Each structure stands twice: as C-alpha cells, then as structure tokens.
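Chain residues, written in single-letter form:
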Amino acid sequence: MKKIAILLIIVLSLTGCGRYESETVSISDLGAAVTFTAGLREYRSESLKNMDIAASYGIAPGEIDEGMVYYSAKDGCIDKIILVKSLDHDGLRNVEHALETHISMLALAYRYHDNERAKIDNHLFKTRGLYTILALTDNSKKVEEVFDNMVT
C-alpha cells in the first residue's frame, strides 16, 4: 500500500496533478474527454490531416499539427466537435477563419430547424495557444470547462 501511495505521488507530481502542460495534450486525448462530456455516445470521427476531409472545412492539412472532427452518428443531428492543433500562428488564423465560415454556413443551412439552430447559436468556438475547438452541442459550457482544464 505504501509503494502504491509513493508511486501515485510521483506520477501526480510529474503530470502536474492531472493537468496538462501548455500545448502538450494530444488531440485524441482531448477528443475523448470532450466527446464524453458533450454526450456524444454514438459518433464518428475523421482526421483533418486527410486532404478531402480538411478541404470540406476549408482547412489546409499542411497548416495543422493534428485535427479531428467528431460528429453524431444519428441522422439529422448536428452535434459536432472539431479540434485542431495548428503548427504556427499563421495556420491558427487560417483555421479560425475556416471554422468561422463553417459556423456561418451551418447557421444558414439550419435556419428553420429550431433545435439544431439552438446548438449553432450557443456553440463553443475558442482558441487557447495553438489549439482551437468548435463544439456544437447542448453541453457547450461543460465542454468548455474540460477544454480549459486540459489545455492550459
């Protein structure tokens, strides 16, 4: 028992008590946490390093280090989380612009769907460091808390 307690103390001290260091969290770890928090139990994911997928969002794969799109597998459900880690600040600006355009296009496409429109109106769009998140979900406040805690 004493060895386990000592090992736990060492692990927590090396990881900063469970918090991630600035810009070190992987998109897959972050994605797992935010999709769970968002309530996406049945979802699909696609990599933004794939040229065709990235092009559909207006993102250049060469400007990002990592990027994933998590979206609901349910038909007619707009729930989606896009996570991107840009390579540099120029790429970051381009990613932000592309995602702003994506939000505008969704708002236009879903203007007559009240439930889905509410998700668009209350979306989470945030950048911390080189990380950007766009979350279209009913739980955007909780998703923001997880994002803020993991990307410091």
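What you see is a predicted model, and the numbers here were worked out from it, not measured in a lab.

**Let's talk about the packing of aromatic side chains**
Then, number 1: Across all of its chains, the model carries one aromatic pair by this definition.
Then, number 2: Aromatic pair tyrosine 43 and tyrosine 70: ring centres 5.7 Å apart, planes at 75°, arrangement edge-to-face. Pair noted here: tyrosine 43 is in strand E1 (residues 43–47) and tyrosine 70 is in strand E2 (residues 64–72), with a separation of 27 residues, a long-range link.
Then, number 3: Sitting over the ring of phenylalanine 36, arginine 41 keeps its end group 4.5 Å from the ring centre.

**As for the side chain of aspartate 79**
Then, number 1: Secondary-structure assignment places aspartate 79 in the loop between E2 and strand E3 (80–86).
Then, number 2: One polar contact links aspartate 79 to lysine 119, side chain to side chain, over a distance of 2.5 Å.
Then, number 3: With residues up to four places along the chain from it excluded, the contact list for aspartate 79 reads Leu40, Tyr70, Tyr71, Ser72, Glu116, Lys119, Leu136 and Thr137.

**Some remarks on the confidence of the model for the chain**
Where the model shows low pLDDT, its predicted coordinates should not be examined in detail.
Then, number 1: With 85% of its residues at a pLDDT of 70 or more, the chain shows a mean pLDDT of 86.
Then, number 2: Low pLDDT (under 50) marks residues 1–23, which in the prediction has 16 contacts with non-local residues, meaning those over four places away or in another chain.

**Quick word on the side chain of lysine 119**
Then, number 1: Along the chain, the position of lysine 119 falls in helix H5 (residues 114–121).
Then, number 2: With relative accessibility at 4%, the residue lysine 119 sits in the buried group.
Then, number 3: The contacts of lysine 119, once residues within four sequence positions are left out, are Cys77, Ile78, Asp79, Leu136, Thr137 and Asp138.

So, how was this worked out
- Residues numbered from 1 in each chain as written.
- Predicted model: local features only at pLDDT ≥ 70, side-chain atom pairs only at ≥ 80, totals over all residues.
- Heavy atoms only, no water.
- Phe/Tyr/Trp six-rings, centres within 6.5 Å; stacked < 30°, edge-to-face > 60°.
- Helix = DSSP H or I, 4+ residues; strand = E, 2+ residues; numbered from the N terminus.
- Lys NZ or Arg CZ within 6 Å of the ring centre and 35° of its normal.
- Polar contact = N/O pair within 3.5 Å; in protein donor to acceptor, adjacent residues only side chain to side chain.
- Contact = heavy atoms within 4.5 Å.
- pLDDT = per-residue confidence, 0-100.
- Buried < 20%, exposed > 50% of the residue type's maximum accessible area, 1.4 Å probe, protein only.

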